[in-house]
Amino acid sequence: MKRIKHILSAITLAGIVFGASSCVEDLLQQDPTTELAANAFWKTEDDAIFALNGAYASVRPLFDRDYYLDGHGEYVRTRGTSATNENLRLGDAYHNGDYNPTGYGDNFDKMYRYLYGGVNRTNYVIRNVERMLLTAKPESIAKLEAIVGEARLLRGMVYFRLISMWGDVPYFTNIVEANSDVSALTRTPIGQVKDSIMADFTYAYEKLPAKAPGAGRAGKPAALAFRGKLQLYWACWNRFGWPELENFKPDANAATAAYTAAAADFNSVINDYGLVLFRNGEPGEIDSLGKAEKLPNYYYLFTPAANNDPEIIMGFTHGGIGTGQGEELMRDFAGRSHEGSQLWVAPRYEIADRYQSTVTGDFAPKMVPMNPVDAGARTALNSAVNPQSYKNRDYRMKASIMWDYEVSVGMISLKSTGWLPYIYKTWNQPVTIDGVKYTTYNTDGTNSGYVFRKFLRNYAGQGRSEGDYNFPVMRLADVYLMYAEASNAVKGPTAEAIALLNKIRRRGNLPALTAAKTAGADAFFAAIEQERIVELLGEGHRGFDLRRWRALERVWGAPYSEGVWRIDTHGANQQRYFQNVPERTYQQNYIFRIPPGERDRNPNLTQNTPWL
């Protein structure tokens, strides 16, 4: 099946509603088909598909760099982004965002604006295809309704992101052609927006085929999975509260109903469509420490080997070599030795201790940070700079991160330069290991002692921005975990939910959960959270999880506490977060600021209370 054509032209630009007034008005005056007048377009199914491809092209850059957002959690450092404001196609929505664990809530004005661009672009497709349906031939109705369903799924995803960050937001379904169309909108209460998103996801579920019609497209499982996720978030907000959102009143009964409905949707995704984990969830082979000829199956899930695999329920495609529309994963996750990559995203030191022992199935003794210049540091028991400390760990560890003396394939000018050992605080230096001469991994983008292997290609031939991996926005493993969370909140640990967690653990070659881990709802929730941390690392989920669970204080300490240091494998303090900060700082991390520029243009937009 053909990939989605990424239509990156004025039809994409036309979707940007909330921006500088004169600029937006100019963009909105453009004919969104660029070549045909509206009365000459919207005649055939091909016209509708062409427009839908444009909607995908507008929405894709709003989700395909969500790994930056993992910097809002405690296990990933995002020191910046490769996204710039020079090219709308390459992640501009993420530009100028703050990806630290705190202080980020007032730095997503661009994301807000571009999300509404996605809304307008999907509205454009929905409204026009709905008009086509009025006069469509009977044999065309199902196909056109499916196109509307895909567009409504995309619109629902965008509005879901909006309410997850800003709570109450303006809601509209019309096509915006001038600023005056939206200049008087008020913020719609989150409950009403949630119901509208539910309607979009439900329509998509009813109209989409069971199997997606092509790479990067959506089928029924995607619609069900997103509907379940929306209900799971709604349940969390009602259970744990969202006091920073004025006029939102949590309701325990609404939480229970939403958890129950979410579990039902996830259960259908899991059992009704024949979906399985990548390579059947088997761990695969693993090489010895310091070698990487054989990597676990989990590693390959984040390479093009997994494109179109059933585990990726919905993934956004990228064009690859020569298209100018490749993904930026290597550029963001790798260092200078890999096609001049910049390593904007790196694991923090603390993630290593989350990878459990394949022998006991539980946490290993904590790593001990040591300076490698100290005598015995490289051989000391549990030393973070002793490679043997990483032996017999969850296979996802070797597949996800690299520590001292782990190797990856270097690449320059589209050619392999052979194995590069990573040794923290060495840059492109000669080193001899077991009698073989190497040059060390050249990167200055980490301050933890670790770098990512996840998302890093292990073959040459593509530039740092020419990847063709389908970035996942919904994975089956996440559905397993969300089902377990939703069902646990209502029923406690069930045999089915426990079995699903054990399937995920199996890919890490971990033993099944012990009875103590499933003894009650709280213990099982801790096991679910543990799997979410290691399974979804670097995919943009952790910050949203911490907010919906109201867990910031659990992770970082109470207001006015001493804060938490992030350290490195050598024992050096790197950053300290939440030191002596007031409650207001936490409040501003739980809800984002409505962009002041939008409020200047529209006095009807109220501000979230922590930002007043």
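Residues numbered from 1 in each chain as written. Predicted model: local features only at pLDDT ≥ 70, side-chain atom pairs only at ≥ 80, totals over all residues. Heavy atoms only, no water.

**With respect to the overall build of the chain**
Put simply, the rule reads: Secondary structure is summarised from DSSP: a helix means a run of H or I of at least four residues, a strand means a run of E of at least two, and numbering begins at the N terminus for each. The globule rule used here is 2.2 Å times the number of residues to the 0.38 power, and the radius of gyration it is set against is calculated over C-alpha atoms. Residue exposure (1.4 Å probe, protein chains only): buried if accessible area is under 20% of the type maximum, exposed if over 50%, otherwise partly exposed. Whether two residues are in contact is decided by their heavy atoms: any pair within 4.5 Å suffices.
When helices and strands are tallied, the chain shows 18 helices and 12 strands. In terms of C-alpha radius of gyration, the chain reaches 24 Å, essentially the compact-globule figure of 25 Å for 612 residues. Taking the principal axes of the C-alpha coordinates as reference, the chain spans close to 75 × 55 × 50 Å. Expressed as a percentage of the 612 residues in the chain, the buried residues total 60%. Counting only contacts in the chain whose residues sit at least 6 apart along the sequence, the fraction spanning at least 24 positions is 71%.

**Quick look at the packing of helix α5 (residues 138–166) against helix α7 (residues 220–240)**
Definition in use: Axes, fitted as lines to C-alpha atoms, cover a helix only where it is in contact. Angles between the N-to-C directions of the axes lie from 0 to 180 degrees. Here the word oblique covers every angle except those under 35 degrees (roughly parallel), over 145 (roughly antiparallel) and from 65 to 115 (roughly perpendicular). Note on convention: the crossing is left-handed when the near helix lies turned anticlockwise from the far helix by less than a right angle, right-handed when the turn is clockwise.
Where α5 meets α7, the closest approach of the two axes is 11 Å, and the angle between their N-to-C directions is 20°. Considering their axes alone, α5 and α7 lie roughly parallel with respect to each other. The chirality of how α5 crosses α7 is left-handed. Here Leu153, Met157, Phe160, Ile163 and Ser164 of α5 come into contact with α7, specifically with Ala222, Ala223, Phe226, Lys229, Leu230, Tyr233 and Trp237.

**A look at the pairing of strand β2 (residues 312–316)**
To be explicit about the condition: Strand pairing follows a simple DSSP-based rule, namely that at least 2 bridges must link the two strands.
Of all five residues in β2, five are buried; the element is thus mostly enclosed. Strand direction decides the pairing type here: β2 and strand β10 (residues 471–475), joined by four bridges, are antiparallel. Bridge pairing in β10 places Met314 opposite Met474.

**Concerning the packing of helix α13 (residues 495–507) against helix α14 (residues 521–535)**
In the contact formed by α13 and α14, the axes pass within 11 Å of each other and the chain directions differ by 30°. Taken together, the axis directions place α13 and α14 in an arrangement best described as roughly parallel. α13 and α14 meet at a crossing whose hand is left-handed. Across the interface between the two elements, Ala497, Ile498, Leu501, Ile504, Arg505 and Arg507 from α13 touch Phe524, Ala527, Ile528, Glu531 and Glu535 from α14.

**Some thoughts on the environment of Phe316**
On the secondary structure map, Phe316 appears in strand β2. When the C-alpha atoms of Phe316 and Phe471 are compared, they prove to be 5.3 Å apart, with 155 residues separating the residues in sequence. Residue contacts for Phe316: discarding those within four places in its chain leaves Tyr56, Val59, Arg60, Phe63, Leu154, Met157, Tyr469, Asn470, Phe471 and Val473.

**Brief notes about the side chain of Glu485**
Filter applied, for reference: We call two N or O atoms a polar contact when they sit within 3.5 Å, provided that within protein one can donate a hydrogen and the other can accept it, with sequence-adjacent residues counted only if both atoms are side-chain atoms.
Structurally, Glu485 is set in helix α12 (residues 476–491). A distance of 2.9 Å separates a polar atom in the side chain of Glu485 from a polar atom in the side chain of Trp549.

**Let's talk about the pairing of strand β11 (residues 564–567)**
By the alternation rule, side chains of β11 split into Val564 and Arg566, which are all buried, and Trp565 and Ile567, of which none is buried. As paired elements, β11 and strand β12 (residues 573–577) share four bridges and run antiparallel to each other. When the bridges of β12 are listed, Ile567 appears paired with Asn573. Between the end of β11 and the start of β12, which pair antiparallel, lie five residues, with Gly571 showing a positive phi angle near 95°.

**Side note on the packing of aromatic side chains**
Note the threshold: Any two rings among Phe, Tyr and Trp, with Trp reduced to its six-membered ring, count as a pair given centres within 6.5 Å; such a pair is stacked if its planes are under 30 degrees apart, edge-to-face if over 60, and tilted if neither.
This model, assessed by the stated rule, comprises 41 aromatic pairs. Ring centres 4.9 Å apart and planes at 80° place the aromatic pair Tyr299 and Tyr300 in the edge-to-face group. In this structure, Tyr299 and Tyr300 share a single accessibility class: buried. Ring centres of Tyr349 and Tyr450 lie 6.2 Å apart, and the angle between their planes is 10°; on these two criteria the pair is classed as stacked. Note that Tyr349 is positioned in the loop between β3 (345–347) and α11 (395–400) and Tyr450 in the loop between β8 (436–439) and β9 (451–452), a separation of 101 residues in sequence.

**Focus on the confidence of the model for the chain**
Note the cut-off: A score from 0 to 100, pLDDT tells how confident the predictor is in each residue.
Mean pLDDT over the chain stands at 92; residues scoring 70 or higher make up 92%. Here residues 1–35 is a poorly scored stretch, pLDDT under 50, and it has 97 contacts once near neighbours within four places are set aside; other chains count. Across residues 85–90, where pLDDT falls below 50, the model places 18 contacts with residues more than four positions away in sequence or in other chains.

**Points about the pattern of salt bridges**
A side chain of one charge can pair with a side chain of the opposite charge when the charged atoms of the two come close. Stated precisely, the cut-off is as follows: Salt-bridge detection follows one rule: a side-chain nitrogen of Lys or Arg within 4 Å of a carboxyl oxygen of Asp or Glu.
The tally for this structure, following the rule as stated, stands at 38 salt bridges. Across the pair Lys398 and Glu406 runs a salt bridge, and its minimum N-O distance is 2.6 Å. Across the pair Arg507 and Glu535 runs a salt bridge whose closest N-O atoms are separated by 2.8 Å. Here Arg507 is found in helix α13, whereas its partner Glu535 is found in helix α14, with 28 residues between them in sequence. Taking the relative accessible area as the measure of exposure, Arg507 reaches 2% and is therefore buried. In this structure Glu535 comes out as buried when scored by relative accessible area, which is 0%.

**Quick word on the nonpolar core**
Using the following cut-off: Among buried residues, the Ala, Val, Leu, Ile, Met, Phe, Trp, Tyr and Cys ones that are joined through side-chain atoms within 4.5 Å form a nonpolar core.
Among the nonpolar cores identified, the biggest contains 163 residues, and Leu153, Met157, Leu162, Trp166, Met314 and Val479 are the most heavily contacted of them. Those residues in contact with Leu162 that sit more than four places away from it in its chain are Tyr112, Leu115, Tyr116, Val119, Gly167 and Val169. Among the nonpolar cores identified, the runner-up in size contains 12 residues, and Leu343, Met411, Tyr422 and Tyr441 belong to it.

**Section: helix α3 (residues 45–59)**
Note that an α-helix has 3.6 residues per turn; residues three or four places apart therefore point the same way. To be explicit about the condition: One less than the number of residues in a helix, times 1.5 Å, gives the span that helix is expected to have.
Taking 1.5 Å of rise per residue, the 15 residues of α3 would be expected to cover 21 Å, and the 21 Å separating its terminal C-alpha atoms lies within 8% of that figure. Here α3 lies mainly inside the structure; 11 of its 15 residues are buried.

**Some words on unusual backbone geometry**
The phi dihedral of Tyr405 falls on the positive side, at around 80°, and the residue is not glycine. The class for Tyr405 is partly exposed, based on a relative accessible area of 28%. Positive phi, close to 65°, is recorded for Tyr560, a residue that is not glycine. Relative to the helices and strands, Tyr560 is located in the loop between α16 (552–556) and β11. Since its relative accessible area comes to 55%, Tyr560 is described here as exposed.

**Focus: the side chain of Thr440**
One can find Thr440 in the loop between β8 and β9. For Thr440, the side chain forms a polar contact with the main-chain nitrogen of Asn428, separated by 3.3 Å. Setting aside residues up to four positions removed in sequence, Thr440 forms contacts with Ser337, Leu420, Pro421, Ile423, Thr426, Trp427, Asn428, Gln429 and Val431.

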